[in-house]
Amino acid sequence: MSIAYLNGDYLPLAEARISPLDRGFLFGDGIYEVIPYYSGKSVGLMPHIIRMINGLAAIEIKCTKTAEEWKTLLDDLIAKNSDMGENLGVYVHISRGTDVKRYHAYPENVEPTIFCFAFGIKDPEPVDRTAVTQYSMISTEDLRWQRCHIKSTALLGNVIHFQEGYSSGHDEALLFNAKGELTEGSSCNAFIVKDGVVITPTQDNQILPGITRRIILDSLKADGSLKVEERIVTMDEVREADELWITSSSKEIAPVTKLDGKPVGNGEVGEVWQAAFKIYTASKFDF
Ligand code: PDD
């Protein structure tokens, strides 16, 4: 049974309780993170914590824990759940807290609700283009809000887009803004490859500043063998790409070989994916 953390206490996940007046429940008023640990080693722990602290500041949730205190809490939770498997993810959720009424304005003198639990995650995929899991996607217009850079627990927009892909038998939905520019996936960032160049949309309010995205960009730039660009990516470029990847803490770098029922590139996992995933795998624990 997963041991959860709730407001200072460790307890079995099934026993964790919050009030229905919690603003996370009523308004989706909170920030969350998902952080992977493989054999006890985290990927991007500090960047995840820093993004979370920035998210809390962006929506004015006052949480006094320092980055170091967060690190200790999350490492402890993983250690307490070591019987759950070799590879674990930790989910962290901080809502604005529990009010005495339902009222939109931020309440004064309310303590944030802090809830974390660990769960088993898949083994990393093999660095082998003939054996890795391949993904299929649909494309659709990005109809979420204008603050996608904030990792808000209010995920209905993402959930609806994910479901569009899922209910039509696909793994994910690839999102384009009203100008036909690529933003991201419903629960992941996106990259294309054209003529050996790795390209991903610029970081702005239309996409989450993905930690996996950041690790990929930094590790590829440090390695230097692949050319990398952060810029606007048009729908035509996606349709004509040699490769399409989606990235997240749970998927790492996942190759997409079908988009809207058509093959991406030659329909096989690309050589650039293999080269990039090798570089990422070799350095992911350094972040
Ligand atoms: N999803 N974009 C969106 C909309 C996401 O929800 C996620 C992550 C990402 C990738 O971010 P990162 O590399 O930091 O995981 C991009 C998480 C895993 C989730 O909601 O479960």
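Reading guide: rules and limits
Within each chain, residue numbers correspond to sequence positions counted from 1 in written order. Reporting in this predicted model follows two pLDDT cut-offs: at least 70 for local features of residues, and 80 or more for side-chain atom pairs to be given and counted; totals over whole chains, interfaces and linings ignore these cut-offs and use all residues. Note: side-chain values were computed over all heavy atoms of the structure, leaving out hydrogens and water. For the domain bounds, the source is a domain assignment made automatically or taken from a database. We call two residues in contact whenever any of their non-hydrogen atoms come within 4.5 Å of each other. Defined here as a combined quantity, buried area equals the accessible surface (1.4 Å probe) lost by two parts on assembly, summed across both. One side-chain nitrogen of Lys or Arg within 4 Å of one carboxyl oxygen of Asp or Glu is enough to make a salt bridge. Pairs of N or O atoms are called polar contacts if they sit within 3.5 Å, as long as, within protein, a hydrogen donor faces a hydrogen acceptor (for residues adjacent in sequence, only side-chain-to-side-chain pairs). Only Asp, Glu, Lys and Arg are considered charged, only Ala, Val, Leu, Ile, Met, Phe, Trp, Tyr, Cys and Pro nonpolar, and every remaining residue, Gly among them, polar. Proximity criterion: a residue is near a molecule or strand once any of its heavy atoms comes within 4 Å of it. All accessible areas in this document rest on Shrake-Rupley with a 1.4 Å probe, and a residue is counted as covered only by the protein chains that are shown. A run of H or I in DSSP counts as a helix once it spans at least four residues, and a run of E counts as a strand once it spans at least two, with each numbered from the N terminus. At least two DSSP bridges between two strands are needed for those strands to be called paired. Axis definition: a line fit to C-alpha positions, over the contact stretch in the case of helices; interaxial angles, taken between N-to-C directions, run 0 to 180 degrees. Think of it in three bands: with a 1.4 Å probe and only protein chains considered, a residue is buried below 20% of the maximum accessible area for its type, exposed above 50%, and partly exposed in between.

Here the chain is described as being made up of domain 1 (3-120) and domain 2 (135-286). Taken over C-alpha atoms, the centre of domain 1 sits 26 Å from the centre of domain 2. Contacts between the two partners involve 21 residues from domain 1 and, on the opposite side, 16 residues from domain 2. Here domain 1 and domain 2 share an interface that buries about 1,500 Å² over both sides, 67% of which is from carbon and sulfur atoms. Taken together, domain 1 and domain 2 are joined by 0 salt bridges. Our count for the domain 1 to domain 2 interface comes out at 7 residue pairs in polar contact (both at pLDDT 80 or more). For the side of domain 1 that touches domain 2, the per-class residue count stands at 11 nonpolar, 6 polar and 4 charged.

Neighbouring the ligand are 20 residues, the closest being Tyr32, Glu184, Ile211, Thr212 and Ser249. One of the side-chain nitrogen or oxygen atoms of Tyr32 is found 2.6 Å away from an oxygen atom of the ligand. Contact between the ligand and Arg51: an oxygen atom at 2.9 Å from a side-chain N or O atom of the residue. About the coverage of the ligand: the protein hides 89% of its 470 Å² of free accessible area.

Next up on the list: the side chain of Asn87. Assignment of secondary structure puts Asn87 in strand β5 (residues 87-95). A distance of 2.7 Å separates polar atoms of two side chains, one belonging to Asn87 and the other to Asp123. Sequence-distant contacts of Asn87, defined by excluding residues within four places in its chain, comprise Tyr37, Tyr38, Ser39, Phe119, Gly120, Ile121, Lys122, Asp123 and Pro124.

Attention now goes to the sheet that holds strand β1 (residues 3-6). Paired through their backbone hydrogen bonds, the strands of a sheet run either parallel or antiparallel. Ordered by their spatial adjacency, 6 strands build an open sheet running β2-β1-β6-β5-β3-β4, and the pairing between neighbours is antiparallel. Edge positions in the sheet fall to β2 (9-12) and β4 (41-42), since each has one partner strand and no second. Pairing of strand β3 (residues 30-38) with β5, which is carried by 9 bridges, proceeds in the antiparallel orientation. If you follow Ile31 over to β5, its bridge partner there is Ile94. Of the strands in this sheet, β3, β4 and β5 are in contact with helix α2 (residues 45-58), which crosses β3 at around 175 degrees.

For Asn189, the location among the structural elements is in strand β10 (residues 189-194). Asn189 sits in the buried class, given a relative accessible area of 4%. Separated by 3.4 Å, the side chain of Asn189 and the backbone nitrogen of Gly210 make a polar contact. When near neighbours in sequence (up to four residues on either side) are disregarded, Asn189 contacts Glu184, Ile207, Leu208, Gly210, Arg213, Trp245, Ile246 and Thr247.

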